[in-house]
Amino acid sequence: MMNLFTIPNMVGGHLVGWRHPDAWPEPVMNLAYNIETARIAERGKLDGLFLADGNAVRDMDKPALFAANYPSSRPGVFDPVVLLTALAGVTSRIGLVSTATTTFDQPYFVARRFASLDHVSGGRAGWNMVTNSFAGDALNFNHAEPVGREDRYARAEEFVGVVKGLWDSWAEDAFVQDKASGRFLDPARVHVLNHQGAHFRVQGPLNVPRTPQGRPVVFMAGQSEPGKELAAREADAMFGAGSTREQFQRDYADIKGRMAKYGRAPEELRFIPGVSVFVGRTAAEADELYEELAALITPALGVHYLSKIVTRDLSGYPVDGPLPEVAAEVIGGSSTRTLAIEMARQENLTIRQLYERMVPAFGSPVIKGDPVQVADIMEDWYRGQACDGFMVSIPVMPRGLTDFVDLVVPELQRRGLFRRDYQGTTLREHMGLARPRNRFFPTGASLAAD
Ligand SMILES: Cc1cc2nc3c(=O)[nH]c(=O)nc-3n(C[C@H](O)[C@H](O)[C@H](O)COP(=O)(O)O)c2cc1C
């Protein structure tokens with residue numbers, strides 16, 4: 001079964017989606033819109049909502065962009081776990097996945113927050129473990145400059161081990177809560193982690209019991225070599241970043257191929273690339289939406305946006321000239337940056353052509369057409385082992401999500417590619433992932449036997 005996620009982005013997933021006549025007015029800090037979004041997505045039986053996150057106000061040095069309120073910038077957004085906790089109360093099935101950074105957060109806080117979300121939601125929590133891709137975030141966490149990739153991943157590797165260790169703190173039957181005997185918990189059914197490593201000293205145990213899913217689903221999105229290796233070892237799901245079916249096929253084979261050396265089977269990780277869907281009742285309607293949005297992008301906005309992606313100020317260069325030299329690798333550089341630079345070089349794109357390509361979907365593929373055309377592509381990629389599902393970005397909210405749920409989902413259901421109703425209650429069940437075993441308390445065993 002295909003896994004489908006969406007980003008509940010109230011300003012839409014397109015740079016200027018919020019300006020479209022059908023877009024929600026005043027989307028900033030609007031809880032009611034978030035609730036409506038969650039309900040639409042749950043009506044469509046989607047696996048989950050995914051919230052990207054960062055911890056800084058960005059691009060104050062790019063005035064056209066800063067003032068434009070574009071979706072991947074983060075001023076005016078809720079703390080993601082606080083928001084998902086609110087959404088847990090108004091939904092019953094849909095998965096709730098949030099990003100948290102291993103570079104600036106603490107493993108105990110992350111373990112506690114996501115375990116709590118799993119309890120609050122009845123087993124629907126997911127953690128997108130990122131090392132952080134935004135250079136400016138470091139400045140809000142005691143650093144004078146961005147943290148290099150090697151350091152970020154060294155910390156991330158230890159971080160995730162601690163989090164998982166803490167999630168295994170308690171046996172499932174530890175909290176007896178027996179009024180008659182007066183036994184609240186069984187002191188033999190808790191494990192003290194006593195972790196001491198290069199980055200963290202964490203005694204444990206976690207002050208949250210074992211969670212409904214065993215532990216929350218762990219997502220990874222890092223696209224670098226150490227990122228892929230960490231995902232192969234630790235993640236239940238991996239987000240893909242690329243621009244073509246062939247690239248996703250390579251990435252799919254690559255990540256699944258890395259898992260055996262960690263004693264894992266390929267189906268223990270779901271590969272879920274991001275795509276942007278422009279769907280209409282007819283192909284012409286989808287084209288019209290695409291063009292309406294393209295017309296709203298001024299060169300100033302496009303150039304600033306591209307400058308942000310490639311981390312070089314392009315405003316002094318002719319917009320119809322080539323992309324100037326940019327460093328192949330920079331500290332804090334992202335996979336989107338690499339993608340844009342490679343695309344420009346390989347296809348000889350001008351600055352304008354490159355921003356026109358990058359803007360509609362932040363560099364990920366655009367799937368555009370009527371419901372059958374959109375489903376054809378999704379089916380082809382899914383059956384062609386380019387993915388196990390999709391992270392669907394919606395250009396204009398709420399219109400795009402309603403259209404996706406009412407037009408594309410039924411077409412996928414008709415083809416037997418997507419569920420007609422939820423079969424289980426947890427995110428793990430939706431995704432076809434096994435319940436993890438507690439390494440300190442294998443089911444049924446007493447502490448003495450562990
Ligand atoms: C679909 C997707 C979503 C991502 N979401 C976030 C995010 O919310 N916050 C963040 O800091 N990085 C995010 N990233 C980037 C990373 O996960 C990763 O930390 C970053 O790319 C640096 O790691 P790398 O050098 O291995 O790519 C995302 C990447 C992808 C492909």
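Residues numbered from 1 in each chain as written. Predicted model: local features only at pLDDT ≥ 70, side-chain atom pairs only at ≥ 80, totals over all residues. Heavy atoms only, no water.

Next up on the list: the packing of helix α4 (residues 107-120) against helix α5 (residues 149-167). In the contact formed by α4 and α5, the axes pass within 9 Å of each other and the chain directions differ by 45°. By the angle between their axes, α4 is oblique relative to α5. Considering the relative orientation of α4 and α5, their crossing is right-handed. When α4 is examined against α5, the residues P107, Y108, V110, A111, F114 and A115 are found in contact with a partner set consisting of F159, V162, V163, L166 and W167. Residues belonging to the contact of α4 with α5 are distributed by class as follows: 11 nonpolar, no polar and no charged. (Axes fitted to C-alpha atoms, helices over the stretch in contact; angles between N-to-C directions. Helix = DSSP H or I, 4+ residues; strand = E, 2+ residues; numbered from the N terminus. Parallel < 35°, antiparallel > 145°, perpendicular 65-115°, else oblique. Left-handed = near helix turned anticlockwise from the far one by under 90°. Contact = heavy atoms within 4.5 Å. Nonpolar A, V, L, I, M, F, W, Y, C, P; charged D, E, K, R; others polar.)

Our next topic: the site of the ligand. Inspection of the region around the ligand gives 18 residues, with D53, S133, R149, Y153 and S224 positioned closest. Contact between the ligand and T99: an oxygen atom at 3.3 Å from a side-chain N or O atom of the residue. Contact between the ligand and T131: an oxygen atom at 3.2 Å from a main-chain N or O atom of the residue. When the free accessible area of the ligand is taken as 620 Å², the share hidden by the protein chains comes to 91%. Mapped by element, the contributors of at least two residues to the shell around the ligand are β4 (125-130) and α5. Ranked by residues supplied to the shell around the ligand, first place goes to α5 with three residues. (Near = heavy atom within 4 Å. Polar contact = N/O pair within 3.5 Å; in protein donor to acceptor, adjacent residues only side chain to side chain. Areas by Shrake-Rupley, 256 points an atom, 1.4 Å probe, with all protein chains shown as cover.)

Bringing the layout of surface pockets into the picture now. Roughly 240 Å³ of volume is contained in the second largest pocket. Residues of the lining of the second largest pocket, tallied by class, amount to three nonpolar, one polar and 11 charged. (1 Å grid on protein atoms, 1.4 Å probe; cavity = no way out; pocket = protein on both sides within 12 Å on 5 of 7 lines; lining within 4 Å. Points joined across faces, edges and corners; volume = space filled by probe spheres on them.)

Chain-level pLDDT for the chain is 93 on average; 96% of the residues reach the 70-or-more range. pLDDT under 50 marks residues 445-450. Its contacts with residues more than four places away, or in other chains, come to 10 contacts. (pLDDT = per-residue confidence, 0-100.)

A few words on the pattern of salt bridges. Two side chains with opposite charge may pair up if their charged atoms get near one another. The tally for this structure, following the rule as stated, stands at 35 salt bridges. A salt bridge links R419 to D47; the nearest nitrogen and oxygen atoms lie 3.0 Å apart. Of this pair, R419 sits in the loop between α13 (399-414) and α14 (427-431) while D47 sits in the loop between α1 (31-43) and β2 (48-51), and the two are 372 residues apart along the sequence. Pair check on accessibility: R419 and D47 agree, each one buried. Several salt bridges converge on common partners, so that one network encompasses E225, K228, E229, D254, R258 and K261. (Salt bridge = Lys/Arg side-chain N within 4 Å of Asp/Glu carboxyl O. Buried < 20%, exposed > 50% of the residue type's maximum accessible area, 1.4 Å probe, protein only.)

Let's shift gears to the side chain of Q223. Relative to the helices and strands, Q223 is located in the loop between β7 (217-220) and α6 (225-234). Residue class for Q223 comes out buried when judged on its relative accessible area of 17%. Apart from residues lying up to four places away in sequence, Q223 is in contact with K228, M238, F239, G240, A241 and S335.

Turning to empty space enclosed by the protein, a few remarks are in order. Scanning all chains against the criterion turns up three cavities of 30 Å³ or more. The computed volume of the largest cavity comes to approximately 60 Å³. Contributing to the lining of the second largest cavity are V277, F278, V279, L289, P395, V396, R399, G400 and D403. Elements with a minimum of two residues in the lining of the second largest cavity: β9 (270-279) and α13.

Looking at the element boundaries, V218 is found in strand β7. For V218, a relative accessible area of 0% puts it in the buried group. Taking C-alpha positions, V218 is 33 Å from R183, a pair spaced 35 residues apart along the chain. Leave out the neighbours within four places in its chain, and V218 touches W127, M129, K164, W167, E234, A235, D236 and A237.

Formed by 82 residues in total, the largest nonpolar core has its most connected members in L4, W127, W167, M378, F390, F404 and L412. The leading source of residues in this core is α5, at eight residues. Grouped together as the second largest cluster of nonpolar side chains are 30 residues, L289, Y305, L306 and L349 included. (Core = buried A, V, L, I, M, F, W, Y, C linked by side-chain atoms within 4.5 Å.)

To continue, consider the environment of G274. With respect to the helices and strands, G274 occurs in strand β9. Taking the C-alpha atoms as reference points, G274 and S243, separated by 31 residues in sequence, lie 9.1 Å from one another. Those residues in contact with G274, other than ones at most four positions away along the chain, are G240, F248, S364, P365 and M391.

To continue, consider the packing of helix α12 (residues 371-383) against α13. Here α12 crosses α13 at 55°, and the two axes come no closer than 9 Å. Judged by the angle between their axes, α12 and α13 are oblique. As α12 runs across α13, the sense of the crossing is right-handed. Each of P371, V372, V374, A375 and M378 in α12 lies in contact with α13, whose residues at this interface are F404, L407, V408, E411 and L412. When grouped by side-chain class, the residues that make up the contact of α12 with α13 number nine nonpolar, no polar and one charged.

A few words now on the packing of aromatic side chains. Each aromatic ring pair is summarised here by two numbers: the centre-to-centre distance and the angle between the ring planes. Enumeration over the complete set of coordinates arrives at 16 aromatic pairs. For the pair F104 and F141, a centre-to-centre distance of 4.8 Å together with 10° between the ring planes defines the contact as stacked. Here the residue F104 occupies a position in the loop between β3 (95-101) and α4, and F141 occupies one in the loop between β4 and α5, the gap between them amounting to 37 residues. Take F104: its relative accessible area is 13%, and that puts it in the buried class. Taken together, F114, W127, F159, W167 and F200 form an aromatic cluster joined through their ring pairs. (Phe/Tyr/Trp six-rings, centres within 6.5 Å; stacked < 30°, edge-to-face > 60°.)

Interfaces are frequently sized by the accessible area removed from exposure as the parts join. Assigned domains of the chain: these are domain 1 (3-292 + 361-449) and domain 2 (296-360). Spacing between the C-alpha centres of domain 1 and domain 2 amounts to 27 Å. On the domain 2 side, the residues contacting the 32 residues of domain 1 number 22 residues. Interface of domain 1 and domain 2: buried area, both sides summed, is about 2,200 Å²; carbon and sulfur atoms make up 65% of it. In this structure, the connection of domain 1 to domain 2 is made through one salt bridge. Counting the contacts that link domain 1 with domain 2 gives two residue pairs in polar contact (both at pLDDT 80 or more). (Domains from an automatic or database assignment. Buried area = accessible area lost by both parts, 1.4 Å probe.)

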